[in-house]
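# Analysis of the macromolecular model
Each chain, letter by letter, is given below.
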Amino acid sequence: MVRKYPNLCSPITIGRTTFRNRMFSAPMGGTDITNDGCIGPKSTAFYELRGKGGAAAVTVSECMVHPKTDGSHAYHLDESILNSLASAAYTADAIRRHGAIPSLELSHSGMYAGTYMTDKSRQKSMNQWGPSDTVRPDGVEVHALSKEQIRDIISSYGHVAGLAKRAGFEMLMIHGGHGWLINQFLSPYFNQRSDEYGGSLENRCRFAIEVLKSVRDAVGPFFPIEFRMSGSELFEGGYDLEEGCRIAEQLESYIDLLHVSAGTYQRGFGDTHPSMFRDHGCNVYLAAEIKKHVSVPVAAIGGLNSPEQMEEIIASGKADVVYMARALLADPFLPRKVMENREDDIVKCLRCFTCMAERAVTATRRCTVNPLIGREIEGDEIYPAPKKKKVLIAGGGPGGLYAAYTAARRGHQVILCEKEEKTGGILKSEQALPFKREMYELAGTFVRLAKEAGAQIRTSTEVTPEYVEREAPDALIIAVGSEPLIPPIKGLDGENVILVNNYYLEKGKVSDHVVVFGGGLAGAECAIHLGMEGKHVNLVEMRDEIAPDANIRHRPLLLKEIEKYAAVYTGHKGLEVTEDGILCEDKDGNRVLVPGTTIICALGQRSRTDVVEALRDCAPYTAVIGDAAKVSTITNAVYLGYHAALDL
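So, a few notes on the structure that sits alongside this text.

How each quantity is defined
- Residues numbered from 1 in each chain as written.
- Predicted model: local features only at pLDDT ≥ 70, side-chain atom pairs only at ≥ 80, totals over all residues.
- Heavy atoms only, no water.
- Helix = DSSP H or I, 4+ residues; strand = E, 2+ residues; numbered from the N terminus.
- Buried < 20%, exposed > 50% of the residue type's maximum accessible area, 1.4 Å probe, protein only.
- Areas by Shrake-Rupley, 256 points an atom, 1.4 Å probe, with all protein chains shown as cover.
- Lys, Arg positive; Asp, Glu negative; His and termini not counted.
- Charge placed at Lys NZ, Arg CZ, Asp CG, Glu CD.
- Axes fitted to C-alpha atoms, helices over the stretch in contact; angles between N-to-C directions.
- Parallel < 35°, antiparallel > 145°, perpendicular 65-115°, else oblique.
- Left-handed = near helix turned anticlockwise from the far one by under 90°.
- Contact = heavy atoms within 4.5 Å.
- Core = buried A, V, L, I, M, F, W, Y, C linked by side-chain atoms within 4.5 Å.
- Pairing = 2+ DSSP bridges.
- Nonpolar A, V, L, I, M, F, W, Y, C, P; charged D, E, K, R; others polar.
- Right-handed = clockwise from strand over helix to strand, strands pointing away.
- Phe/Tyr/Trp six-rings, centres within 6.5 Å; stacked < 30°, edge-to-face > 60°.
- Lys NZ or Arg CZ within 6 Å of the ring centre and 35° of its normal.
- Salt bridge = Lys/Arg side-chain N within 4 Å of Asp/Glu carboxyl O.
- Polar contact = N/O pair within 3.5 Å; in protein donor to acceptor, adjacent residues only side chain to side chain.
- 1 Å grid on protein atoms, 1.4 Å probe; cavity = no way out; pocket = protein on both sides within 12 Å on 5 of 7 lines; lining within 4 Å.
- Points joined across faces, edges and corners; volume = space filled by probe spheres on them.

## What to know about the overall build of the chain
The secondary structure content of the chain amounts to 21 helices and 28 strands. Projecting the C-alpha coordinates of the chain onto the three principal axes gives extents of approximately 75 × 65 × 45 Å. Counting over 648 residues, the chain shows a buried share of 60%. Accessible area of the chain: about 25400 Å², with a carbon and sulfur share of 48%. Each charge class in the chain can be summarised by its mean position, and for the 72 positive and 83 negative side chains these summaries are 4 Å apart.

## Structural notes on the packing of helix H18 (residues 521-532) against helix H19 (residues 554-565)
It is the contact of H18 with H19, at a shortest axis distance of 9 Å, that shows an interaxial angle of 40°. One finds that H18 runs oblique with respect to H19. Between H18 and H19 the crossing geometry is left-handed. On H19, the residues touching Leu 521, Ala 524, Glu 525, Ala 527, Ile 528, Gly 531 and Met 532 of H18 are His 554, Leu 558, Glu 561, Ile 562 and Tyr 565.

## What to know about the nonpolar core
Leu 106, Ile 174, Phe 207, Phe 227, Leu 258 and Ile 600 are the most contacted members of the largest nonpolar core, which has 167 residues in total. Setting aside chain neighbours within four positions, we find Ile 600 in contact with Ile 498, Val 500, Tyr 503, Val 510, Val 514, Val 515, Val 516, Phe 517, Cys 526 and Leu 530. Counting 15 residues, the second-largest nonpolar core is a separate cluster that includes Phe 19, Ala 57, Leu 257 and Ala 299.

## Here's the deal with the sheet that holds strand E24 (residues 581-585)
The strand order E23-E24-E25 describes an open sheet built from three strands, whose pairing is antiparallel. The open sheet terminates on both sides in strands that have one partner only, identified here as strand E23 (573-578) and strand E25 (591-595). Strand after strand, the sheet turns through a mean of 30° between neighbouring axes, direction not considered. Judged from the five bridges that link them, E23 and E24 form a sheet pairing that is antiparallel. What sits directly across from Gly 574, in E24, is Cys 584.

## Considering the packing of helix H15 (residues 398-409) against helix H21 (residues 634-646)
Helix-helix packing: each pair is described by the crossing angle between the helix axes and the interaxial distance. Relative to each other, H15 and H21 sit at 30°, their axes nearing to 7 Å. The angle between H15 and H21 places the two elements in the roughly parallel class. Taken as a pair, H15 and H21 cross one another with a handedness that is right-handed. Only Ile 634, Ala 637, Val 638, Gly 641, Tyr 642, Ala 645 and Leu 646 of H21 make contact with H15, whose side of the interface consists of Pro 398, Gly 399, Tyr 402, Ala 403, Thr 406 and Ala 407. Residue composition of the contact of H15 with H21, grouped by class: 10 nonpolar, three polar and no charged.

## A word on the sheet that holds strand E26 (residues 598-601)
One key point about sheets: their strands pair by backbone hydrogen bonds, in either a parallel or an antiparallel sense. Strand order in this open sheet of five strands is E19-E26-E20-E21-E22, and the pairing throughout is parallel. If you trace the sheet from one side to the other, it starts and ends with strand E19 (497-499) and strand E22 (567-570), each paired once. With direction set aside, neighbouring strand axes in the sheet form an average angle of 20°. Relative to the sheet, H18 contacts strand E20 (513-517), strand E21 (536-541) and E26, its axis offset from that of E21 by approximately 170°.

## Focus: the pairing of strand E3 (residues 23-29)
Counting buried residues along E3, seven of its seven residues qualify, which places the element largely inside the surrounding structure. When E3 meets strand E13 (residues 321-324), the two strands line up parallel, connected through three bridges. Bridging from a neighbouring strand, Ser 25 pairs with Met 324 of E13. In terms of handedness, the path from E3 via helix H2 (residues 41-52) over to strand E4 (residues 57-64) forms a crossover that is right-handed.

## Thoughts on the packing of aromatic side chains
For any pair of aromatic rings, the description rests on two quantities: the centre-to-centre distance and the angle between the ring planes. Summed over all chains, the structure comprises 13 aromatic pairs. Summarising the aromatic geometry, the rings of Phe 46 and Tyr 47 are spaced 5.1 Å apart at their centres and angled 75° between planes, so their arrangement reads as edge-to-face. Assessed through its relative accessible area of 2%, Phe 46 is described here as buried. The class for Tyr 47 is buried, based on a relative accessible area of 1%. Three or more aromatic residues link up through ring pairs in this structure, and these residues are Tyr 402, Tyr 405, Phe 446 and Tyr 642. Sitting over the ring of Phe 222, Arg 16 keeps its end group 3.5 Å from the ring centre.

## Details of unusual backbone geometry
Residue Glu 62 is reached from Ser 61 by a cis peptide bond, and omega for that bond is -20°. In this structure, Glu 62 sits in strand E4. Unlike most non-glycine residues, Phe 222 shows phi in positive territory, near 70°. Tracing the sequence through the fold places Phe 222 in the loop between helix H7 (201-219) and strand E10 (225-230). Unlike most non-glycine residues, Ala 547 shows phi in positive territory, near 50°. Relative to the elements of secondary structure, Ala 547 occurs in the loop between E21 and H19. Ala 547 sits in the buried class, given a relative accessible area of 0%.

## Some points on the pattern of salt bridges
With the rule as written, the count across this model stands at 39 salt bridges. Here Arg 97 ties to Glu 48 by a salt bridge, and the two come within 3.0 Å at their closest N and O atoms. In this pair, Arg 97 is assigned in the loop between helix H3 (84-96) and strand E5 (101-107) and Glu 48 in helix H2, connecting sequence segments 49 residues apart. The exposure class of Glu 48 is buried, given its relative accessible area of 17%.

## Focus: the side chain of Glu 105
Here Glu 105 is to be found in strand E5. By relative accessible area, Glu 105 is classed as buried at 1%. Looking at Glu 105, its side chain comes within polar contact range of the side chain of Ser 61, at 2.6 Å. The contacts of Glu 105, once residues within four sequence positions are left out, are Pro 27, Thr 59, Val 60, Ser 61, Glu 62, Cys 63, Met 173, His 175 and Arg 228.

## What to know about empty space enclosed by the protein
Where empty space is left becomes clear once a probe the size of a water molecule has been rolled over the atoms. Counted according to the given criterion, the structure contains three cavities of 30 Å³ or more. Reported here for the largest cavity is a volume of approximately 80 Å³. Surrounding the largest cavity, 13 residues form its lining, Cys 349, Leu 350, Cys 352, Cys 355 and Cys 367 being those nearest its centre. When contributions to the lining of the largest cavity are tallied by element, the ones reaching two or more residues are helix H12 (327-330) and helix H14 (354-362). Quantified by volume, the second largest cavity comes out at close to 50 Å³. In terms of lining residues, the second largest cavity is bounded by Gly 37, Cys 38, Ile 39, Cys 63, Tyr 75, His 76, Leu 77, Ser 84, Ser 87, Ala 88 and Leu 104.

Quick look at the structure:
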């Protein structure tokens, strides 16, 4: 067959190992890590799905090599731990049996040991070790590693590497970026040593080189060793791209693949993990420049999910391999779809950080657009229903569409009705915000998948009790969503007021001076967009903080954008909307006019309970999902839509 993306789909041989394409699954931490650091069965299933989905390599992350100085709650490989080697072997096997190469990331957090712990108070009680004596920004003391400790850590890298090979891993990634220990030695900011491990670039690279030599001695020749580095630390005092190139030159003779990431985790999360406010592939320039200075293959990473963009990266010589993490949560089968010329069926990552926020909050995984994530052990196959039913779905938002897609795959006769001309529900409003374009496109992807599975989509069709009676379905899934909350505030029905949900329809009415009324997630993101367009934006919020409904990973990056683009009035209660702005009462009881000739109303949503109650008893089996049940998130709507269809 003729592949649409021939460079992306071409094999690559590293060492003596051939990888089936150039799309690799980046390191992602598991969830059910046992108390003694074994890979739990949920995590094994988590990694296996990426292998099944067509990735050429799947990297298991992170295996901490030296528990004495890094007690992070992560994976360990240790013969003294019952099931440690066995769980690693089962995981490597689960990846390999689908044709992917299993890789294990070897790591040491250095002065940031315990970062991933849900209970951060335990992190502060640990002994924190780094290249030099220092005090972290959070006040925790860091002790300089002695030469004896350094030698012991170097030896442990080799020992764990040998165990990983024994367990069946066929490549190893040595984590030397993102502010972890090896990066701390490479960095002129963190490394203030005066011995042979500090000072000059050659000395700062010594620890990394000795680690790589230790690993090579353990795994032997031709076994692929990958080194992950930050091309630039991207903060003042850290090394820049020019020095990153020199570091790469120092290391290349000891490695088979150079993986170029960006930034320092603790100082630039949005650099290391590009947010929706950044361009896709914004870090690829680092890999492209470093590739000019080394002869080993180079891998690029950073918010990649477009086959067209990834093909261009490989074809133009910017990199030899592309890595994806979040994109393969959204759609684990992305590589397989690219290989099969089915790129239109890819469910794209929204870069909303639900996946990483969930891990930080509950130590689990979840994805907004993929209900399987974190629950892969329950099975990813959709089996035919033993009894085929006629299923009517009321509402064409994300939950209803995913329910239609799932029910149709089970063989049911599925009819989805949307009362408006277009499907998508609340997702339609996102088309006006360029940085949320993929969220808007999600509805189109779900429609296409549902239709391909056999679902019938009827737009401009409202589901009423009479309609249900005529169709006589066996099951009714109620996904009618929510509607804007409009409190009885004088002037809120004025000509200068636009509901945030309708902004995409009324963009032309917006003046250059705008007040966004409501500082939740929807209002905050709209304010950022308007500011990006060059408008003067005031953001009014009755509570004391902006966007408390945003997840803990997205919110800090959102607030940074708000600082750039909007003036914020928290603790201001809106009393009246006028032609000149919103008259508010501040926390001290003072009357304040927040100026603006256009008002964007973003005061929240409420469930369409009246519609739900009218439909609840209209079919033998009914399920209420998404905002219709409780105003929540797209994540919740998709998850409940999926399981409502499985329950039929």
